[in-house]
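Structure assessment
Take a look at the letters that make up each chain.
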Amino acid sequence: MSLLSRIAAPTARHDVARLVTALLAEHPDVRPEGPAKGPSKGSVLPTGPTGLGTSAARITARRKDAEGTGVPELYCPPPLRDDPVLAEEVNARLLAWAEEIGLYAGRLDRVRAADFGRLTMLAHPDTDDPDRLLAAGKCALAEWATDDYYCDDETMGSAPALLGAHLGIAYAAIDPAHPPLRYVPAVEQAMQDDPVRTALRSGFAHMARYADWSQLARLRHEVAVLFVGYGQEGSWRSQGRMPAVWEYLAHRQINSFVPCVAMTDMVGGYVLPAAEYADPRVRRAVTMASTAATLVNDLYSMAKEHHSDSVEFNLPTVIAAEERCTPREAVERSAAIHDELVRTFEAEAAALALTGSPQLRRFLAGVWAWLGGNRAWHSGSRRYTSSTSTTS
């Protein structure tokens, strides 16, 4: 079975989809400001229309779950391209970088198997420039490493009592501290002594080649919010407490893929104006899409977390505990929540595109593409299909 048929799912079969097709299938008024390129010649691209809401024209296959993973079919687009050669190039560069800075030392085989280069390739079809994709991959892997090292993997040194201190110092890697001169060497040593801090600083420095100051400020903000989410989960772990469903969903909005999604225009080579990104309507749409993408992570990581000795949090587990339903029922209810979020994003993005700038239309189309690429990666990554995976 081909990759595309394996991940195909029903989507966009209503008037909103047709409206968005007209609005977002093309964005001729937006031109890359950097050396971003179009899809590579080797990419497997859809032959029909592209853009937010057009995937219905390209989907024919349906399935009950993802190749026996127990994940039901989800309302989500397929990826806009699949370029294995580009994915491998980005993955190889990402692994070389991780090895150079000592990130995941002794565990790079598992990082290699997870294939983060493929995630970046799938989620950012705006460019086939491997260096731009590498910048996004570095930032994403650094954020995952922060979670692994500090939050939920005791074999890598995580400890609830140290979480706040670790996150506070890690933030200084992306928003540098400026102490009196006599303390600068101590701060610098702290940055160099920890691979997570090194990774965060290096990733941001790489992205700075392609992003302007407003975009970098946006990314710093989103990572700071992510760290708040890490702290919230840490408090649940230290108490051994299962959150309520509403509390968990609020948490998943901040402990989510928002920082990755926020890089969409940086990777694509254009600038979404700060005022439009900050518009509460845009914020609502982007955070709902990012929450939905993170619930895909919840669904695909269930099997791995089932074997963990510590308290693990994912939406099906939280629903099962609160609503006293079977695990399968909890999975189905989680999928329904995911689908509602994606449909709401689709509808609200269509409305925003009517009055927004060409850059906003392109950004919203990029978020839609991110949803499809994220889902495709989760369905095939050994990070979620292998019981030996340690990163979440």
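Above this note sits the structure.
All figures in this text were calculated on a predicted structure; none of them were measured in a lab.

Quick notes on the rules
- Residues numbered from 1 in each chain as written.
- Predicted model: local features only at pLDDT ≥ 70, side-chain atom pairs only at ≥ 80, totals over all residues.
- Heavy atoms only, no water.
- Helix = DSSP H or I, 4+ residues; strand = E, 2+ residues; numbered from the N terminus.
- Buried < 20%, exposed > 50% of the residue type's maximum accessible area, 1.4 Å probe, protein only.
- Contact = heavy atoms within 4.5 Å.
- Areas by Shrake-Rupley, 256 points an atom, 1.4 Å probe, with all protein chains shown as cover.
- Polar contact = N/O pair within 3.5 Å; in protein donor to acceptor, adjacent residues only side chain to side chain.
- 1 Å grid on protein atoms, 1.4 Å probe; cavity = no way out; pocket = protein on both sides within 12 Å on 5 of 7 lines; lining within 4 Å.
- Points joined across faces, edges and corners; volume = space filled by probe spheres on them.
- Nonpolar A, V, L, I, M, F, W, Y, C, P; charged D, E, K, R; others polar.
- Expected span 1.5 Å × (residues − 1).
- Phe/Tyr/Trp six-rings, centres within 6.5 Å; stacked < 30°, edge-to-face > 60°.
- Salt bridge = Lys/Arg side-chain N within 4 Å of Asp/Glu carboxyl O.
- Core = buried A, V, L, I, M, F, W, Y, C linked by side-chain atoms within 4.5 Å.

Our next topic: the overall build of the protein chain. The number of helices and strands found in the protein chain is 19 helices and zero strands. Looking at the protein chain residue by residue over its 392 residues, the buried ones come to 58%. Sequence-distant contacts in the protein chain: of pairs separated by 6 or more residues, those separated by 24 or more amount to 80%. Split by element, the accessible area of the protein chain, about 16100 Å² in all, is 55% carbon and sulfur.

Within the fold, Asp-82 resides in the loop between helix H2 (15-24) and helix H3 (84-101). With a relative accessible area of 9%, Asp-82 lands in the buried category. For the pair Asp-82 and Gly-373, spaced 291 residues apart in sequence, the C-alpha separation works out to 9.0 Å. At 2.8 Å, the side chain of Asp-82 forms a polar contact with the side chain of Arg-118.

Turning our attention to empty space enclosed by the protein. Remark: the empty space left among the atoms is shown by a probe the size of a water molecule rolled over them. The final tally for this structure, using the stated rule, is three cavities of 30 Å³ or more. By volume, the largest cavity is sized at about 310 Å³. Along the walls of the largest cavity sit 21 residues, with Trp-144, Asp-147, Tyr-230, Arg-252 and Asn-255 positioned nearest its centre. Mapped by element, the contributors of at least two residues to the lining of the largest cavity are helix H6 (130-152), helix H10 (213-239), helix H12 (258-261) and helix H15 (280-306). For the lining of the largest cavity, the class distribution of residues is eight nonpolar, five polar and eight charged. Looking at the second largest cavity, its volume works out to about 70 Å³. Around the second largest cavity sit Leu-119, Thr-120, Ala-123, His-124, Ala-136, Gly-137, Ala-140, Trp-144, Cys-260, Met-263 and Trp-370, which together line it. Each residue belonging to the lining of the second largest cavity can be placed in one class, and the counts come to eight nonpolar, three polar and no charged.

A rise of 1.5 Å per residue sets the reference length of H6, with its 23 residues, at 33 Å; its end C-alpha atoms lie 31 Å apart and thus fit the reference within 8%. The buried count for H6 comes to 23 of 23 residues, which makes it a mostly enclosed element. For H6, the N-terminal capping position is held by Asp-129, with its side-chain oxygen 2.9 Å away from the main-chain nitrogen of Asp-131.

Under the criterion given, the structure shown has eleven aromatic pairs. For the pair Phe-227 and Tyr-230, a centre-to-centre distance of 6.0 Å together with 25° between the ring planes defines the contact as stacked. Of the two residues, Phe-227 and Tyr-230 both sit in helix H10, three residues apart, roughly one turn of that helix. Tyr-230 shares its class with Phe-227; the two are buried.

Let us look at the pattern of salt bridges. Tallied over the full model, the rule gives 14 salt bridges. Residue Glu-323 is joined to Arg-333 by a salt bridge in which the shortest nitrogen-to-oxygen separation is 2.5 Å. Residue Glu-323 is located in helix H16 (residues 315-323), and its partner Arg-333 is located in helix H17 (residues 327-355); the two are separated by ten residues in the primary sequence. Take Arg-333: its relative accessible area is 34%, and that puts it in the partly exposed class. Where Arg-328 meets Glu-332, a salt bridge forms, and the shortest distance between an N and an O atom there is 3.0 Å. Within this pair, Arg-328 and its partner Glu-332 are both found in helix H17, separated by four residues, close to a single helical turn.

So, about the nonpolar core. The biggest cluster of nonpolar side chains holds 95 residues, and the ones touching the most others in it are Leu-103, Tyr-104, Phe-116, Met-207, Met-263 and Phe-345. For this core, the leading source of residues is H6, giving 13 residues. Core analysis: the second largest hydrophobic core is formed by eight residues, Val-71, Val-296, Tyr-300 and Ala-335 among them.

Moving on, we come to unusual backbone geometry. The phi angle at Tyr-104 is positive, at roughly 55°, despite the residue not being glycine. Looking at where Tyr-104 falls in the secondary structure, it is placed in the loop between H3 and helix H4 (108-114).

This paragraph deals with the environment of Glu-323. Accessibility expressed as a relative area gives 38% for Glu-323, which makes it partly exposed. Note: C-alpha distance between Glu-323 and Ala-244 (79 residues apart in sequence) is 9.8 Å. Discounting residues that sit within four places of it in the chain, Glu-323 has contacts with Val-245 and Arg-333. Engagement of the side chain of Glu-323 in a polar contact is seen with the side chain of Arg-333, the distance being 2.5 Å.

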